[in-house]
Amino acid sequence: PDGSIEIPVVVNVLYKTAAENVSDARIAEQISVLNADFGGTNTDINKIPSEFLPAGAGNTQVKFRLVNTVRKSTSKSSWATNDDMKKASKGGIDATTPANYLNIWIVGKMTSQGRTILGYATFPESAGLWNDGVAIAAPYFGKTGASAPFNLGRTATHEVGHYLNLRHIWGDANCGNDQVSDTPTQTTANYGKPSYPLYNTCSGVQRSVMFMNYMDYVDDAAMFMFSAGQKTRVQSVLASNGARSGLRL
Ligand code: ARG
Ligand code: ZN
Ligand code: CA
């Protein structure tokens with residue numbers, strides 16, 4: 001009725017310990033965070049600096065609805081980014097109809113090149129493939145019981161952003177291009193809780209950095225906005241001729 005697209009979500013939980021077997025309540029909490037962040041109803045949206053208010057997306061008109069939770073006990077304590085968690089033959093859980101559902105896999109721990117990572121996602125180019133979806137390590141999923149400073153459910157917001165075609169705001173290169181014109185070009189990723197304003201220079205132009213965007217690398221408490229240009233990208237993959245049109249009701 002409000003023109004939003006509601007994405008059906010299947011959460012696949014692979015747990016070795018009881019703590020990794022995240023509760024239904026925590027899954028519901030994570031879905032609520034996604035709805036708030038994509039809906040622009042997050043309680044910290046009022047922290048957007050006035051300079052960036054015109055570029056704010058407000059409501060991206062994407063909603064999320066949990067349709068199923070699949071749980072499986074495993075003896076594996078750590079997973080890689082090789083998609084094994086998405087394959088029953090590798091001890092994982094096969095995706096549920098990935099063309100029509102956003103599959104989220106939760107594992108106890110994930111590493112990439114020897115380092116712990118929070119999560120990873122497939123872009124719309126992978127729409128409908130067996131490995132399509134988002135993987136998140138349990139300590140960074142949901143809020144209650146999650147691990148600070150990534151305990152506000154925003155790893156999922158960031159990863160679902162990738163799933164819906166959003167790039168890192170620094171374009172994964174020094175002064176790279178994220179294909180969004182209302183996110184100021186920035187030199188590199190930001191971490192922690194930067195203080196506003198933060199300036200950097202690309203091609204001789206000094207700009208104030210939108211580090212509070214969900215597609216930067218700052219702490220959960222330091223990110224609270226999508227831009228209007230990001231909303232346009234998300235809506236275009238979800239359109240009836242978009243790569244992710246299969247998620248529409
Ligand atoms: N490093 C991860 C990625 O590249 C996720 C970063 C999420 N940030 C956060 N504050 N939760 O996809
Ligand atoms: Zn990312
Ligand atoms: Ca940009």
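Scroll up a little and you will see the structure.
These remarks concern the structure in this document.

The rules we used
Residues numbered from 1 in each chain as written. Chains lettered and ligands numbered in written order. Predicted model: local features only at pLDDT ≥ 70, side-chain atom pairs only at ≥ 80, totals over all residues. Helix = DSSP H or I, 4+ residues; strand = E, 2+ residues; numbered from the N terminus. Buried ≥ 20, exposed ≤ 12 C-beta atoms within 10 Å, placed from the backbone. Near = placed C-beta within 6 Å. Nonpolar A, V, L, I, M, F, W, Y, C, P; charged D, E, K, R; others polar.

What about unusual backbone geometry?
Cis geometry marks the peptide bond from A148 to P149, where omega comes out at 5°. One can find P149 in the loop between β7 (134–137) and α2 (154–163). Across the junction of Y196 and P197, the peptide omega takes the value -5°, indicating a cis bond. For D172, which is not glycine, the phi torsion reads 55° and is therefore positive. As for its position among the elements, D172 is in the loop between α2 and β8 (199–202). D172 sits in the exposed class, given 12 other C-beta atoms within 10 Å. With a phi close to 50°, S203 is a non-glycine residue in the positive phi region. By the secondary structure assignment, S203 is in the loop between β8 and β9 (205–208).

Considerations on the site of ligand 1
Of all residues adjacent to ligand 1, which total 13 residues, the nearest are L118, F150, R154, T155 and H158. Here the shell around ligand 1 takes four residues from α2, the largest share from any one element. In the shell around ligand 1, the residues fall into six nonpolar, three polar and four charged.

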